[in-house]
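Spelled out from the first residue to the last, the chains are:
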4 protein chains.
Amino acid sequence: MNSFGRIFRVTIFGESHGEGVGMVVDGCPAGLSLVAEDFLLDLERRKGGTQKGTTPRQEDDFPIFKSGIFNDKTTGAPITILFENKNTRSGDYQKQRSVPRPGHADFVAHEKFGGFEDYRGGGHFSGRLTVALVAAGVIAKKILLNATKESEKISVQASILEIGGETDLEKGLQKAIDAKDSIGGIVECRASHLPIGLGEPFFDSIESVLSHIVFAIPAVRGIEFGTGFASAKMFGVQHNDAIENINGKTSTNHAGGAVGGISNGNELVFRIAIKPTSSTPKEQQTLNWETKEIEAFSVKGRHDLCIALRVPVILEAVTAIVLADFMMLEQKIHRVL
Amino acid sequence: MNSFGRIFRVTIFGESHGEGVGMVVDGCPAGLSLVAEDFLLDLERRKGGTQKGTTPRQEDDFPIFKSGIFNDKTTGAPITILFENKNTRSGDYQKQRSVPRPGHADFVAHEKFGGFEDYRGGGHFSGRLTVALVAAGVIAKKILLNATKESEKISVQASILEIGGETDLEKGLQKAIDAKDSIGGIVECRASHLPIGLGEPFFDSIESVLSHIVFAIPAVRGIEFGTGFASAKMFGVQHNDAIENINGKTSTNHAGGAVGGISNGNELVFRIAIKPTSSTPKEQQTLNWETKEIEAFSVKGRHDLCIALRVPVILEAVTAIVLADFMMLEQKIHRVL
Amino acid sequence: MNSFGRIFRVTIFGESHGEGVGMVVDGCPAGLSLVAEDFLLDLERRKGGTQKGTTPRQEDDFPIFKSGIFNDKTTGAPITILFENKNTRSGDYQKQRSVPRPGHADFVAHEKFGGFEDYRGGGHFSGRLTVALVAAGVIAKKILLNATKESEKISVQASILEIGGETDLEKGLQKAIDAKDSIGGIVECRASHLPIGLGEPFFDSIESVLSHIVFAIPAVRGIEFGTGFASAKMFGVQHNDAIENINGKTSTNHAGGAVGGISNGNELVFRIAIKPTSSTPKEQQTLNWETKEIEAFSVKGRHDLCIALRVPVILEAVTAIVLADFMMLEQKIHRVL
Amino acid sequence: MNSFGRIFRVTIFGESHGEGVGMVVDGCPAGLSLVAEDFLLDLERRKGGTQKGTTPRQEDDFPIFKSGIFNDKTTGAPITILFENKNTRSGDYQKQRSVPRPGHADFVAHEKFGGFEDYRGGGHFSGRLTVALVAAGVIAKKILLNATKESEKISVQASILEIGGETDLEKGLQKAIDAKDSIGGIVECRASHLPIGLGEPFFDSIESVLSHIVFAIPAVRGIEFGTGFASAKMFGVQHNDAIENINGKTSTNHAGGAVGGISNGNELVFRIAIKPTSSTPKEQQTLNWETKEIEAFSVKGRHDLCIALRVPVILEAVTAIVLADFMMLEQKIHRVL
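Residues numbered from 1 in each chain as written. Chains lettered and ligands numbered in written order. Predicted model: local features only at pLDDT ≥ 70, side-chain atom pairs only at ≥ 80, totals over all residues. Heavy atoms only, no water.

Asks: How would you sum up the state of the cysteines? Please name residues and give values.
Replies: Residue and element names in this part refer to chain B. Considering all chains together, one arrives at zero disulfides over all chains under this definition. Free of any disulfide, C306 has its nearest cysteine sulfur in C189, 17 Å distant. Look at C306 and you get buried, because its relative accessible area is 0%. (Disulfide = S-S within 2.5 Å. Buried < 20%, exposed > 50% of the residue type's maximum accessible area, 1.4 Å probe, protein only.)

Asks: Give me the lowdown on the relation of the copies chain C and chain D, citing residues and values where you can.
Replies: For the pair chain C and chain D, the superposition axis carries a translation of 0.0 Å, the fit reaches an RMSD of 0.0 Å, and the rotation angle comes to 180 degrees. Those values place the two copies in the arrangement expected of a two-fold rotation axis. Both copies contact each other with a shared surface, as 100% of the interface residues of chain C are interface residues in chain D too. (Least-squares fit on C-alpha atoms with pLDDT ≥ 70 in both. Contact = heavy atoms within 4.5 Å.)

Asks: If you had to explain the interface of chain C and chain D to someone new, which residues and values would you point to?
Replies: On the side of chain D, 100 residues touch chain C, which itself brings 100 residues to the contact. Carbon and sulfur atoms make up 68% of the surface buried where chain C meets chain D, a total of about 7800 Å² over both sides. Per-residue buried area on chain C facing chain D is highest for F202(C), F203(C) and R221(C); these three make up 13% of the total on that side. Where chain C touches chain D, the interface holds eight salt bridges. Here E162(D) makes a salt bridge to K233(C), at a shortest N to O gap of 3.6 Å. Where chain C touches chain D, the interface holds 44 residue pairs in polar contact (both at pLDDT 80 or more). Top element by residues in the side of chain C that touches chain D is helix α6 (residues 206-214) of chain C. It accounts for six residues. Residue composition of the side of chain C that touches chain D, grouped by class: 45 nonpolar, 35 polar and 20 charged. (Buried area = accessible area lost by both parts, 1.4 Å probe. Salt bridge = Lys/Arg side-chain N within 4 Å of Asp/Glu carboxyl O. Polar contact = N/O pair within 3.5 Å; in protein donor to acceptor, adjacent residues only side chain to side chain. Helix = DSSP H or I, 4+ residues; strand = E, 2+ residues; numbered from the N terminus. Nonpolar A, V, L, I, M, F, W, Y, C, P; charged D, E, K, R; others polar.)

Asks: For the packing of helix α6 (residues 206-214) of chain A against helix α6 (residues 206-214) of chain B, give the residues involved together with the corresponding values.
Replies: Two elements in contact, α6(A) and α6(B), have axes separated by 7 Å at closest approach and are oriented at 170 degrees. With respect to α6(B), the axis of α6(A) lies roughly antiparallel. Residue-level contacts link S208(A), V209(A), S211(A) and H212(A) of α6(A) to S208(B), V209(B), S211(B) and H212(B) of α6(B). Partitioning the contact of α6(A) with α6(B) into residue classes produces two nonpolar, six polar and no charged. (Axes fitted to C-alpha atoms, helices over the stretch in contact; angles between N-to-C directions. Parallel < 35°, antiparallel > 145°, perpendicular 65-115°, else oblique.)

Asks: Describe in detail the nonpolar core, supporting the description with residues and values.
Replies: Within the largest apolar cluster, 324 residues are counted, with the highest numbers of intra-cluster contacts made by I139(A), I139(B), I139(C) and I139(D). With residues up to four places along the chain from it excluded, the contact list for I139(A) reads F8(A), M23(A), V25(A), C28(A), L32(A), L34(A), F39(A), I79(A) and I81(A). (Core = buried A, V, L, I, M, F, W, Y, C linked by side-chain atoms within 4.5 Å.)

Asks: For the pattern of salt bridges, give the residues involved together with the corresponding values.
Replies: Applying the stated criterion across every chain yields a total of 100 salt bridges over all chains. Taking the shortest distance from any N to any O, the salt bridge between R128(C) and D61(C) comes out at 3.0 Å. Linking R128(C) in the loop between α3 (106-112) and α4 (130-147) with D61(C) in the loop between α1 (37-46) and β4 (64-67), this pair joins segments that are 67 residues apart in sequence. One exposure class covers both R128(C) and D61(C), and it is buried. Shared partners join several salt bridges into a network, and the residues in it are E188(A), R190(A), E224(A), E267(A) and R271(A).

Asks: Describe the sheet that holds strand β3 (residues 20-26) of chain D, naming the residues involved and giving the relevant values.
Replies: Residue and element names in this part refer to chain D. Reading across from one edge, β1-β2-β3-β7-β4 is the order of the five strands in this open sheet, with antiparallel pairing throughout. Of all the strands in the sheet, just β1 (3-4) and β4 (64-67) have a single pairing partner and so form its edges. Sheet analysis places strand β2 (residues 9-14) next to β3, joined by six bridges and oriented antiparallel. Across the sheet, residue R9 finds its bridge partner in β3, namely D26. (Pairing = 2+ DSSP bridges.)

Asks: Describe in detail the relation of the copies chain A and chain D, supporting the description with residues and values.
Replies: The transformation that overlays chain A on chain D combines an axial shift of 0.0 Å with a rotation of 180 degrees, and the residual RMSD is 0.0 Å. A shared interface surface links the copies, since 98% of the contact residues of chain A are contact residues in chain D too.

Here it is as C-alpha cells:
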C-alpha cells in the first residue's frame, strides 16, 4: 500500500510530527554513485519558505543514508534514507483534535484508522511525506541519466503553467494575497528522449501507471495527457498525429507521447490540476466531533498560500520513478551500471 | 501486466481478429449467483451498431463460462469467460500492414513486439478487449449490490456529458456527420453509497487506483475528480467542502467524494476525456514502412464515429472492479456471500 | 492467488469435472515459435493410463490456443490455452457429497468456500489442473532453450528416485500392488547451465521461489536442496563446497547450486517428497457430514496407485516457469526473441 | 524483492557492517499496543553469546521506532524500526576481499552485483538481517494473539529437534566442539488453534507461502510438513488422516495441518534442515580471485558453532508473519483492532 513499482520499488513511511519521514528504494541498480549532495537541489526546490506563497516552516531535509550505499555507490541492496523532523510545533494541532479541518484527511483518517491515527499535522497523510518521494525521484533521475547516451539524455522537467487561472504567476499569487486565501494551479511535466515501447497495453499503460503515482501527490485533482480534455472537442483528423519518419516522430503531438498506452518516441507531455491549499487563513465552517455542532474554524499554523508552487519537483520525482521502472522492465537499464 | 486488482483480480486476454477475447476473474467471493443473462444488458450497451455514431460491426458477445461457476453460482475458484470473435473481416487490415494507422497502436506495437504482434484490427490493443472489462464489471457490480443493504445499494452510473463540446449530444454527433469525421466526448461517472475509508494514503489512493484502470480504456486522455481542473482556478475557501454531520456529509462536493485519497462518504464523481475515434473516414498522412514515404491514407473498415458513446458502460465496469477490490480490502465484502 | 510469477506470469483455472482447465501466460517474449505439437510430449508424460501405477482415466489433453499466438509465433500478448474435459464421470463423485474423502481437500474446500465449491472430483483442487502447469512449463522450457547458446542449453530434468522407499521402482510399485494400496515416492530435479546470479537475497531466494511453486503441486510434502536434510548431520568443513575456478565451479555440490539464495553456476539439484495418492482402494474411516457419524469409506472411481509417477514432468514445468522468470528479471532473456 | 506479504507486508533492509538493519511493516492493523519491551525477549532469543555454540558478537539490538507508532499504539501507517550496528569489526573482513568464503554468498554477491556489493561480513546477505525478521515477527505474533479468544490463542512455537543428528542436543554440540568444526541441525515449528481455511489452492497454498519465507532464513536447506519425507515411504491408508468430527479434527496428523494447501483445523507442524555454519574454524580450500590460485583459508572473526541454535525464534517470526497475512486475507483480523 505504501509501496510502488515493479522492479524499481519505492516504499515510503513517516509522519509530519513524528520522528521523521523516509523511504526504502528496492531494485536500484548496483554501481550508481550516490551522495547526500545529489539530493540537496531537489530537496531545496521542494522546501517551503524560499518563495512567496510557500510555508515558512523550514526543515533541514538532509538525507541520512541507512542502507544500500557503500563507498558512495549503490550496492544493489535496498537503499534506506531518513529525514528527521526537527521543526515541529505539534501544539498547533493538538487543540484541533475534535475539529476535522475542511479539505484535509483528518476526518477520513479518523474513520479509517479508528481514532488511532497520528493526527498531528495530518500524520502519515501529510505533504511532508513528499520529501521521501523527491528523494526517490533523485535516485530515479540519476538512473535515467546514467542509462542514456550523452546526446540523448532522458530529461524530466516540470513547471507551473498557471496560478489561479493566470499564466502570469505573480498575478495569480497576488490574487490570493489580496483575497487572504489559498489558491490552486496547473503544473505541466515533459519527458524527452524516451525510447519507443515503454508501457503495456491496457492495465499498465504508461498513462495508467503515471496517473496512479501522480494522484499519490496530495492536492492533485486531475491529469491529462497531450491535448487532454481539449481532445474531447476535436475531430479525428485534427487530433491524430501523422507519423513522419521511422523513428516515430510525429508532426504534431496531440497524443502527448503515448499511443495505445505505449511511449511513441515523441515528448511525453501531461498536465495536472492542483487544488488550493486546504489550509486557508479564511474562516470556514466545520463539524466539532465532540459538541456535534457546526462551528467556525480558522487555520493557525504555517501553511502554503499556493501548494502548486512546490509540486513541480515532486511531479518530476514521481515521473522519473515510473520511467526508471519501465526502462528496467524493457531492459534498457541493467541491474549493474 | 494484463492483470489488475489485489484481492479481486481481473486478467484479460484476446485479440480483435483472433479466436476471441476473454477474462479470468480471481478472488470473486463464493456463492454469487451468476448466469449468462446477467451479462447481456451491459454487453448490449457496449456493442456498436445500435445507435447513430457507433460501428456497424456486430458480435453476439455471448459469455461462455469456462470455469469458476457451478450450479449457477460462483465457487470461489477463478472465473473464466470467453467471447468468440465471429464477425471478423481481416482482409480489411492485412493490406494495411505497411501503413501504421495514425492515432492507433500499430506503430508502437510493431516496435515493442518486434513485428510479431497480431496486427489485424489492432490485435491485442483493440477496443474489442473492452468486452472482457465489461464482463468483469458485471461481476463486480453484482458483488457490490450483494454487499449492501436494500436502502443503501452501491450504484455506479456513467453517462455522456458532452460530444464535441456540445451538451446536446445529437448536435455534437451531427457536427461529426457533417464534417465526415470522428469526434471526441466527455463521460462522467458517479458512485453512491460508498462507505467512508476506501483507499489508502499516497500510492493506493482511490483516485490513483481508479485513474490507473481508467487509462486502460482506449482513447481516454484525461481524468478529473470533483471540480477537477476547475479547482486550479479556485480559492481555498471556495473549494473546501464543509463537513456537516458525523457521517461525513459535506455541504458541497468539490472534492468528488475523496479526501486524502480516501472515500469520505459523499458521492464519488469523476469525468474523463475521450479523444475522437482514431479511425476517421477523412484522408490523412502517414508513413509507409516499406516505401519509407509519407502517403495519403484513408480508413476503410467499420468504425465508430464517436467512441465516447460506448464508454459509459466500460467506465462503470472498471469503476466497479476497483470498488469491489477496495471493499474486500476493507473487509466490507466477505469471501463467501 | 491463482497467478504466479513477476515478469513471466502464469494464471491457472478450471475444474476436474467442469468444462475444462487452462491457463493464461502473460509476459512471454514475442517471437517464440509455438504450435500444439510442442505440448504433446510433456502432456503425454503427465497423462495417466500409460504405465503401471497411474489412473486409467484418459483425456486427449489437446491444447486449444485462444490468444497470444499469431502465425504460429507468440505475439507478446497473453497466451491462453484451454484443455477440454471429455472423459468425466461425475456420477462417481456426486453420491459422496456428504463424505469428505480422507487426504483430499473436500473438507477444507467446503469450509473455506461455504459449500459453494465444485466438489466433483476435487473441483478446482484437482490434480487435473496440473495439465495447465505442464503447458505453461512447455512454454517456459522453450524460452530457456531459446535464450541459450547451443553448447550451453539450459536443461531441466526430473526423475523418480524412489517409490515406497525402493530405488528399484518396479519393486516399489509391486509393494503397493501387493498391499492393494497407494504409495508415495521421491522425485529429483536437476537444472544445468544456469547463469550465476538468479535469485535475490532473503525473500526471493531461488529456493524460496522454487519451493513456493513446488508446493503448488498436489501431494508434495517436502523439498530439500543439495544435501538437504542430510546437511543437518554434517560438519561445516564437510558441507562447504570449495570454489575451484572463476566460473564458480565447486568441487562438490552439497549446496545444490544455490548459495545465499542465488544460483552459483553449479547444477541446481533438489528433491521433493510425494505422499501416497489419497485415493486408495483400501477401506478407511471418515466423517459423514449428514449423519455426523464416522463411517467406513472406500474409493471407487479411477485413481493412481502412485501419483509420484506423474510428477517429474510437472516438477520440470514449475521449475522452468521459475527459471524463465528469473532469467527475465536478470535480463538474460529479452522481451522479443 | 526485499518485501513479503500481501496485506501484512514486511520490507527488510540493512547490512552486517553498515549503519544497521531494519524493517518496514505495512498493513499492520491500527490500535495494536506496541512498545520496545515487546521486542526484547525474542531479540534476546535470537542473539548470540548467551549459550554454548553461538557467536560471542553482542549487539544491543534495541528497536528504534521511526514511524507508525503513536501513543504506544500502531496507527495503521507503515511501522519502521531500526537496529543500529555497534559492535562491528570490519577489519576482520576487508583483508578477505579477494577470497570468497566457502559456503557464504561472497562469490555470488560479487557476480550478481558487479563488485559493488558491501562485502563486509556478508553485507546485505548477512544473518544479521534476521533481527529485522524477528522484529516483524513480534508484531505478527501480537496481532495473532490479539485476534483470538482467550481459550484459543493462536500460538507459534519452534524448537530444536536435533543437533548433528543427535536429539540430545548437548551431545550434538559436543561433537562439533570435539571436531573443532561447525554443525547443522533440525528445527520444528508448531502452530496451534489456526482456523480452517488459511491458504489457497495451488500457488498460494499455506505450504507454498510458508516455505517461500522459510527459505529466506539463511542456512535452511529443506522443509517438510507433517510426516514429510517419510510420507514417500508410506501407503495411502497409513498416511491419510481420518476426520473425526465436524471441526475437522483428525485422529492422526500426518498431513501436518494442511490438506489441499489449506489449513484443516489441526496443528500446523513442519520441520526445517539447517546446514552447519559456513564459517568454520577448520582450514578450507578456496579460490583467490586475485591470484587465481586455490589457497588454504581459515575463518577468523566471531561465529556460531551451530547456527541452528538461533533459528527457532526466527522460524517462529516468519511463520507468524505468514499466518497474520493469511488471517487478514480471510478477514479473521480487522484493520482496526
